[in-house]
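Notes for the structure review
Residues per chain, in single letters:
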Amino acid sequence: MKNQPKIFNTISELHSAMNQAKPVHPLISIINYGEAIFDPKDFEQGIILDFYKISFKTHFTGKLRYGQGFYDFEEGGMSFVSPGQILKMQDEEADYTGMSLNIHPDFIRPYSLNSNIKNYGFFNYSAAEALYLSEKEKETILNVFASIQNELNERIDNFSQDVIISQIELLLNYSNRFYNRQFITRKAGNHDVLVKLEAEINDYFDTEKTLLNGVLTVQFLADQLNLSPRYLSDLLRNLCGQNTQQFIHDKLIEKAKEYIANGTYSVSEIGYKLGFEHPQSFNKLFKKKTNLSPIAFKESFNKN
């Protein structure tokens, strides 16, 4: 339908839509965007791929969108898309140079990569959280792309799949390393995110949004900061050694201790004020984080 995203079930279908020759292998291919011919208006409602897509872009003048956020790759970089995600193109001109590695899940299914690929969090990042590469990093990534392309073009034999799988794993491990470098080089900007995060958490507790929305969630904070939940957790882990859920729990316990010290509310009321529907859930979390029940903590606090 015209108002629905275009679904590509196979890599061959994507090649056809890009006016490219059929892929050498039906379950894996590399598309050179400089050779692709298509009208972006045909995909203005977005596309959904039933396979993984790892894109390397060197020059980008079109815009891609996840939700309401636009991004461009004028400086070059990488993006990662999992099967089932919606990718949108928004612009009259969608001219960019680079390539995409398309991998059907069936290609990796017999290998440990089939389960390990879920550990590469950047497949759950939004497009605005793309990986930007240095010149040396670009060279490294391009070399891996070239190795995969050469393997596809020159020798499809009993060892081809093993070799290509190892190259894909190498590509993903390099991407992991370069993302870690990006978190480090953007540390100043990421600290700004941390300041905003703490402000959002304080506002959530102080304005008692807990009474309306319940316990503070990772998704809520990610939405407020315009970040994907996985990217926010990886950013926090790099900055302070905790994921977002752990960070929330620590802040929640701090607030609970503040309420207990105030002495105005019962334990059940404190749990309710923090968004817990059942006091038992609050008690369990508090004891897990402090090794004391809220009542025991209150008694020890009063002794002091």
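These remarks concern the structure in this document.

Reading guide: rules and limits
Residues numbered from 1 in each chain as written. Predicted model: local features only at pLDDT ≥ 70, side-chain atom pairs only at ≥ 80, totals over all residues. Heavy atoms only, no water. 1 Å grid on protein atoms, 1.4 Å probe; cavity = no way out; pocket = protein on both sides within 12 Å on 5 of 7 lines; lining within 4 Å. Points joined across faces, edges and corners; volume = space filled by probe spheres on them. Helix = DSSP H or I, 4+ residues; strand = E, 2+ residues; numbered from the N terminus. Nonpolar A, V, L, I, M, F, W, Y, C, P; charged D, E, K, R; others polar. Expected span 1.5 Å × (residues − 1). Buried < 20%, exposed > 50% of the residue type's maximum accessible area, 1.4 Å probe, protein only. Arc of directions from axis to C-beta. Pairing = 2+ DSSP bridges. Polar contact = N/O pair within 3.5 Å; in protein donor to acceptor, adjacent residues only side chain to side chain. Contact = heavy atoms within 4.5 Å. Core = buried A, V, L, I, M, F, W, Y, C linked by side-chain atoms within 4.5 Å.

Counted according to the given criterion, the structure contains two cavities of 30 Å³ or more. Estimates place the volume of the second largest cavity at around 60 Å³. Around the second largest cavity, the lining is made up of twelve residues, and of these Ser-79, Phe-80, Tyr-125, Ser-126 and Ala-127 lie nearest the centre. A total of four residues in the lining of the second largest cavity trace back to one element, the largest contributor, which is strand β7 (residues 77-81). Looking at the lining of the second largest cavity residue by residue, the classes come out as nine nonpolar, two polar and one charged.

Under the 1.5 Å per step criterion, the end-to-end length of helix α4 (residues 135-154) is 28 Å for 20 residues, consistent within 8% with the ideal 28 Å. Residues Glu-137, Lys-138, Ile-141, Val-144, Phe-145, Ile-148, Glu-151 and Leu-152 constitute the buried set of α4. End-on, the buried residues of α4 take up no more than an arc of 160 degrees, which puts them together on one face. When the buried face of α4 is taken as reference, the exposed residues oriented beyond 90 degrees from it are Glu-135, Lys-136, Glu-139 and Glu-154.

Although it is not a glycine, Asn-19 sits at a positive phi angle of roughly 55 degrees. The exposed category is assigned to Asn-19, whose relative accessible area is 51%. Its identity is not glycine, yet Asn-291 carries a phi of approximately 65 degrees, on the positive side. For Asn-291, the position within the fold is in the loop between α12 (279-290) and α13 (294-303).

Burial analysis of β7 places five of its five residues in the buried class, which makes it a mostly covered element. Looking at chain direction, β7 and strand β10 (residues 131-132) are connected through two bridges and run antiparallel. Residue pairing across strands places Gly-77 opposite Tyr-132, the latter belonging to β10.

Moving on, we come to the side chain of Thr-244. Residue position: Thr-244 is located in helix α10 (residues 244-262). A polar contact of 2.9 Å, which involves the side chain of Thr-244, links it to the side chain of Ser-233. Residues within four places of Thr-244 in sequence aside, it is in contact with Val-218, Leu-221, Pro-229, Leu-232, Ser-233 and Leu-236.

Leu-101 and Ile-168 are the most contacted members of the largest nonpolar core, which totals 65 residues. Ranked by residues supplied to this core, first place goes to helix α5 (residues 160-185) with eight residues. Contacts of Ile-168, omitting those with residues within four sequence positions, involve Ile-28, Leu-101, Ile-103, Phe-107, Leu-113 and Ile-148. Counting residues in hydrophobic clusters, the runner-up holds eleven residues, among them Leu-14, Ile-31, Phe-43 and Ile-47.

The next thing to look at is the environment of Lys-88. With respect to the helices and strands, Lys-88 occurs in strand β8 (residues 86-89). Between the C-alpha atoms of Lys-88 and Lys-6, which are 82 residues apart in sequence, the distance is 10.0 Å.

What follows is about the side chain of Ser-228. Inspection of the secondary structure puts Ser-228 in the loop between α8 (218-225) and α9 (229-240). A distance of 3.2 Å separates a polar atom in the side chain of Ser-228 from the backbone nitrogen of Tyr-231. Aside from chain neighbours lying at most four places away, what touches Ser-228 is Asn-124, Tyr-125, Ser-126, Glu-129 and Ala-222.

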